[in-house]
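One letter stands for each residue in the lines below.
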Amino acid sequence: MVKYRIRFCKTGRAKYVSHLDLLKVFTRCARRTGLDLEYSQGFNPHAEMVFSAPLPLGMTSEAEYVDIDLTGERDTEELLEVLIKSLPSGIVPVKIRKLEPGEGSVMKPVRYAAYRISVSCPEGEVREIFLDAVGRCLESGEAVMTAKKSKSGVKVVDIRPMILSFGSDPAVCEGGQLSFGAVLACGNEVNLRPEVAFRGIFDKISGVDISKSADEQDESVPGPFSGFEFVSAHKLVFLDSEKNELW
Amino acid sequence: MNYLYLPDSMLLSVEKPGRYIGGELNSVTKEPGEYDVHLAMCFADVYDIGMSHLGFKLLYHLLNDQDRVWCERVFAPWPDLEDKMRASGYKLFTLESQGEAANLDMLSFSLQYEMSYTNVVNMLDLAGIPVLSAERGENDPIIFCGGPSANNTEPMADFFDFFNLGEGEEMLPEIVETFRVCKLKGASRLDTLKEIAKISGVYVPAFYDCVFDENGTFVSLKPKKEFIDVAPERIRKRVVSNFENSYLPEKMIVPNIEVVHDRIMLEIFRGCTRGCRFCQAGFIYRPVRERSPERLVEIAGKLLDSTGYEEISMLSLSTSDYTRLGELTDKLLEITVPKRVSLALPSLRLDSFSFELMEKVSAVRKSGLTFAPEAGTQRLRDIINKGVNETDLLRSCRTAFEGGWSTVKLYFMLGLPFETDDDLIGIAELAHKVLALYDEIHAGRKARRPNITVSVSTFVPKPFTPFQWAPQIPVPEIIRRQNVIKQHLSRRVSFSWHDPETSVLEGAISRGDRRIGKVIYDVWKAGARYDAWQEYLDYGRWMEAFAKNGLHAEDFNRRERSLEEALPWDHVDVGVTKAFLKRELDRARQGIVTPNCAEKCAGCGVTSYGRGICVGKIQD
């Protein structure tokens, strides 16, 4: 039994392929290409495959991983080529390596993920003002309280410690959207989704009273950043505790 | 290609956006210049259902294998998305090019069940195409259909420009080629339809006059004078010239999201020798023709390589009737076992041979065994010509229980012609015998609790069957009969039944005439869509639409039709003659069983095709 780790991109239409469906996509790809996957023992044998943390539906990524168990050794270059040819469009393997015995799961060292976030927004100066406000908010070190889903339900928590950076390298992209970088907590312990980070910071700098529900908000006075909406996020890379990029 | 017709914000706000994005493995895209005819296969239900139909996928690949043709796919958006699309002015779109369906040359709908008809109308409207054939102009796509429920053409005659009757494998290439020639010549819509009407198996409703008497009873359907040279009096169902070698795709689209039937389906034979008198499929798919194990295994191998599916399922009306089943199973296992592909043999008649097979394929988990006695007494089983008897059934159950099975599902129908309460009580009694057998086998031992289910659907008389003249029982009577069974059934047996209102509507549409089209139009106008889904069906809305047209569902259901009267589907010749159907009805009345056509020809008329089992070459 030989373990391989594949890093792949999920782009284009494939962002609508759910994490659960991804398992099928890979097992069927293995069948098509004649890869001899190691199967679990038992009544209902299934291929052993371990994916990195689920990517939210609609998010694209350059840092998705899957570990597969093969019955025998394969040339990695050749394997990569075979996979590229066989996977459906939008799921693109970029590199592959053999895992050393005892090497842990891909998620084990992961503490952060770097993203590119796109928001829709009005044109003009307000973008600069928005980014300034974000910067000041983060520098102040004040808590950023926001509603966040966890295993035990929705809770209002301070997400500030989960934000390493937000709003870096801004650029105006296609369709007049504003895009910028962010590094957020990611991993088995703490995890902050880009959308939630955006919502938290946005509410804070807009002066939204988050103790009130969406229906109770005073809509008559437009906030300073009305028209700013989260559009999408693109995951670039995983980082470990030393902020080193993962393979 | 990454362009999507709908914005991400809309796709992310609906259930399963993967339904709307296309781009699956083995889906086909072509460049402009590579094709002259641009059409789409349309399915009037959601992606997950449409992508589960073998015929739909087969014809998609067949059309794309034609020279100068590009065929895309269109499904109905689920209501959550449709509402958002309409609110923002988005139109019905195709999956492959992610463009508006209205820009195509032709849209071909696969009609699988009557309750999807409102979705057909709704899809046309969402596409921005006039829903009525008569209102479409030179720039609109040609809208046509095929599939089992297209055989009674009239309920949807106002909406379709033409119907394909019979097997599409040879007809569709002829149609697209004829269309291509017309298009390149710049022929008008009418001239194009005239050319298409000449193709055997095609019915163009606008070329016919439909006559009713003053009571609204259907009188006749005849070609209009001006179309007499292109429109035949009767349209004969098309049958492929050689089933063995008829088109089978070697590549098949593999959906990225979970669909209902997500596996390789191998159609092992077409038609059915049994002649159960309630079963429309058993008559309209005649003559019975098989594919050879060699061809099936070859195709299965190619499909496994091109799709990577983990399961193959045989497909037919009755797997056990395939003459070389043992041989086919062994040969398939030779390729599936090394690849860890599971093999499913659905709708097996459970005799000792089947158990042997099931042991072999071992894909059948010891959880689900189903039997379909269809009726509760031998008397009624003889009437419907269902060749199952109690002894066989109990013997099979014994084998199953001794083999460790504890779950048995029994399928029945209620509302069958000549049914009495005794037959309903018989359903409960049969279930109790199965239960008693289980208890007897496990007496004195610690055993799993048996899980016996009685599932009762409501019989809907269908055209082209011996019961096409029979009355259908109304809603209160359906409920009463369901209750009779319920009252007699032990609490240790679970009971499931069908919604009576759906059955009544299905009945009215399936034996409806052209007037039903107005009802479908009105009920759609009033908001009907996704009527095949219980949560969207509004029976009251349908009743109002009937009333608005001076009709009632019961006009179509309750009345016992006289054997002499003209039927609205008489212009469709499915090969099975009316004389035969009358004979079968008479035998039903007398409780006489008609033998399987593998044993003795019953003279149904399908021999006129000179194919398959009728002429002694089952492998055709």
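(A) Spatial organisation of the overall build of chain B. When its secondary structure is counted, chain B shows 20 helices and 19 strands. Taken against the 2.2 N^0.38 rule, which gives 25 Å for 620 residues, the C-alpha radius of gyration of chain B at 25 Å falls within 12% of a compact globule. C-alpha extents for chain B along the principal axes are approximately 80 × 65 × 55 Å. Evaluated residue by residue, chain B yields a buried proportion of 49% over its 620 residues. Across chain B, the fraction of contacts at a sequence separation of at least 24, relative to all contacts at a separation of at least 6, is 77%.

(B) Spotlight on the overall build of chain A. Tallying secondary structure elements over chain A gives four helices and ten strands in all. Once the C-alpha set of chain A is aligned to its principal axes, its extents read approximately 65 × 40 × 35 Å. Residue burial in chain A is summarised as follows: out of 247 residues, 32% are buried. Put simply, 71% of the contacts in chain A that link residues at least 6 apart link residues at least 24 apart.

(C) Looking closely at the environment of His 19 of chain A. Residues and elements named next belong to chain A. Mapping His 19 onto the fold places it in helix 1 (residues 19–33). The class for His 19 is partly exposed, based on 15 C-beta atoms found within 10 Å. On a C-alpha basis, the gap between His 19 and Pro 56 in space is 8.0 Å, while along the polypeptide they are 37 residues apart. Setting aside anything within four residues of it in sequence, one finds His 19 in contact with Phe 51, Pro 54 and Leu 55.

(D) Quick look at the packing of helix 3 (residues 54–64) of chain B against helix 6 (residues 168–185) of chain B. All names here are of chain B. Interhelical geometry of helix 3 versus helix 6 gives an angle of 40 degrees and a closest axis separation of 10 Å. Classified by the angle their axes make, helix 3 and helix 6 are oblique. Considering how the two elements wind past one another, helix 3 and helix 6 form a crossing that is right-handed. Along the contact surface, helix 3 presents Leu 59, Leu 62 and Leu 63, while helix 6 presents Gly 168, Glu 169, Leu 172 and Val 176. Broken down by class, the residue content of the contact of helix 3 with helix 6 amounts to five nonpolar, one polar and one charged.

(E) Representation of unusual backbone geometry in the model. Residue and element names in this part refer to chain B. With omega at 0 degrees, the peptide bond leading from Arg 286 into Pro 287 counts as cis. Structurally, Pro 287 can be placed in the loop between helix 8 (280–284) and strand 12 (289–290). One non-glycine residue, Arg 340, lies in positive phi territory at about 55 degrees.

(F) Main features of the sheet that holds strand 14 (residues 342–344) of chain B. All names here are of chain B. Spatial ordering of the open sheet is given by 10-13-14, a layout of three strands whose pairing is parallel. Of all strands in the sheet, those with a lone pairing partner are strand 10 (264–267) and strand 14, marking the two edges. Within the sheet, the average angular offset between the axes of one strand and its neighbour, ignoring direction, is 20 degrees. Looking at chain direction, strand 10 and strand 13 (residues 311–315) are connected through four bridges and run parallel.

(G) Quick peek at the domain arrangement of chain A. Residues and elements named next belong to chain A. Here chain A is partitioned into domain 1 (2–98) and domain 2 (112–239). Each of domain 1 and domain 2 has a C-alpha centre, and the two are 32 Å apart. Facing the nine residues of domain 1 at the interface are nine residues of domain 2. For the side of domain 1 that touches domain 2, a count of residues per class yields five nonpolar, three polar and one charged.

(H) Up close: the sheet that holds strand 17 (residues 451–458) of chain B. Residue and element names in this part refer to chain B. Judged by pairing direction, the sheet is parallel, and its four strands sit side by side in the order 15-16-17-18 without closing on themselves. At either margin of the open sheet sits one strand with a lone partner, and together these are strand 15 (369–374) and strand 18 (493–497). Each adjacent strand pair in this sheet contributes to an overall mean axis angle of 20 degrees, direction not counted. Pairing geometry for strand 17 and strand 18, over five bridges, is parallel. By the bridge assignment, Ser 455 is partnered in strand 18 with Ser 496. Where helix 13 (residues 390–402) meets the sheet, it contacts strand 15 and strand 16 (407–414), and its direction lies at approximately 170 degrees from that of strand 15.

(I) Quick peek at the interface of chain A and chain B. Of the residues lining the interface, 19 residues belong to chain A; the matching set on chain B comes to 23 residues. Tallying contributions element by element places helix 1 of chain A first for the side of chain A that touches chain B, with seven residues.

(J) Here's a closer look at the packing of helix 14 (residues 421–441) of chain B against helix 15 (residues 475–488) of chain B. Residues and elements named next belong to chain B. It is the contact of helix 14 with helix 15, at a shortest axis distance of 8 Å, that shows an interaxial angle of 40 degrees. In terms of their interaxial angle, helix 14 and helix 15 are classed as oblique. Handedness of the helix 14/helix 15 crossing: right-handed. Contact residues: Asp 421, Leu 424, Ile 425, Ile 427 and Ala 428 in helix 14; Arg 481, Val 484, Ile 485 and His 488 in helix 15. A per-class count over the contact of helix 14 with helix 15 returns six nonpolar, one polar and two charged.

(K) Highlighting helix 10 (residues 325–336) of chain B. Residue and element names in this part refer to chain B. Look at helix 10: 16 Å from first C-alpha to last across twelve residues, which is about the 16 Å you get at 1.5 Å a residue. Where helix 10 is concerned, the buried positions are Leu 328, Thr 329, Leu 332 and Thr 336. The arc that holds every buried residue of helix 10, seen down its axis, measures 95 degrees, which confines them to one face.

(L) Representation of the domain arrangement of chain B. All names here are of chain B. We note that the domain assignment places domain 1 (8–165 + 168–236) and domain 2 (242–364 + 581–620) within chain B. The gap between the C-alpha centroids of domain 1 and domain 2 is 28 Å. In this assembly, 19 residues from domain 1 lie in contact with 20 residues from domain 2. Sorting the residues of the side of domain 1 that touches domain 2 by element identifies helix 2 (47–50) and helix 3 as the ones contributing at least two each. Top contributing element to the side of domain 1 that touches domain 2 by residue count: helix 3, with five residues.

(M) Up close: the pairing of strand 4 (residues 142–146) of chain B. Residue and element names in this part refer to chain B. Burial runs high along strand 4: five of the five residues are buried. Alternating positions in strand 4 separate into two faces, Ile 142, Phe 144 and Gly 146 on one and Ile 143 and Cys 145 on the other, with burial throughout. With helix 5 (residues 117–127) bridging strand 3 (residues 106–110) and its parallel neighbour strand 4, the resulting β-α-β unit is right-handed. Two elements, strand 4 and strand 5 (residues 162–164), share two bridges in a ladder whose sense is parallel. Bridging from a neighbouring strand, Phe 144 pairs with Phe 162 of strand 5.

(N) View of the confidence of the model for chain B. When the pLDDT values of chain B are averaged, the result is 94; 99% of them are 70 or greater. Interface predicted TM-score (ipTM) for the complex: 0.88; the corresponding pTM is 0.94.

(O) Inspection of helix 9 (residues 293–307) of chain B at higher detail. With 15 residues, helix 9 of chain B ought to run about 21 Å at 1.5 Å a step, and its terminal C-alpha atoms sit 20 Å apart, in line with that. Within the span of helix 9 of chain B, buried status applies to Pro 293, Leu 296, Ala 300, Leu 303 and Thr 307 of chain B. Seen from one end, helix 9 of chain B has its buried residues packed into an arc of 95 degrees, which puts them on one side. On the buried face of helix 9 of chain B, the contacting elements are helix 1 of chain A together with strand 10, strand 13 and helix 10 of chain B. Immediately downstream of helix 9 of chain B, the backbone of Gly 308 of chain B shows phi near 75 degrees, a positive value.

(P) Layout of the environment of Gln 472 of chain B. Residue and element names in this part refer to chain B. Structurally, the position occupied by Gln 472 is in the loop between strand 17 and helix 15. On the basis of neighbour count, Gln 472 is assigned to the buried category, with 27 C-beta atoms found within 10 Å. Residues within four places of Gln 472 in sequence aside, it is in contact with Gly 415, Val 460, Pro 461, Gly 507, Asn 557 and Arg 558.

(Q) Region of interest: the pairing of strand 17 of chain B. All names here are of chain B. Burial along strand 17 is one-sided: the face carrying Ile 452, Val 454, Val 456 and Thr 458 is buried and the face carrying Asn 451, Thr 453, Ser 455 and Ser 457 is not. Here strand 16 runs beside strand 17; their pairing, made up of eight bridges, is parallel. From the neighbouring strand, Leu 414 faces strand 17, where its bridge partner is Thr 458.

What counts, and where the lines are drawn
Residues numbered from 1 in each chain as written. Chains lettered and ligands numbered in written order. Predicted model: local features only at pLDDT ≥ 70, side-chain atom pairs only at ≥ 80, totals over all residues. Helix = DSSP H or I, 4+ residues; strand = E, 2+ residues; numbered from the N terminus. Rg over C-alpha atoms; globule rule 2.2 N^0.38 Å. Buried ≥ 20, exposed ≤ 12 C-beta atoms within 10 Å, placed from the backbone. Contact = placed C-beta atoms within 7 Å. Axes fitted to C-alpha atoms, helices over the stretch in contact; angles between N-to-C directions. Parallel < 35°, antiparallel > 145°, perpendicular 65-115°, else oblique. Left-handed = near helix turned anticlockwise from the far one by under 90°. Nonpolar A, V, L, I, M, F, W, Y, C, P; charged D, E, K, R; others polar. Pairing = 2+ DSSP bridges. Domains from an automatic or database assignment. Expected span 1.5 Å × (residues − 1). Arc of directions from axis to C-beta. Right-handed = clockwise from strand over helix to strand, strands pointing away. pLDDT = per-residue confidence, 0-100.

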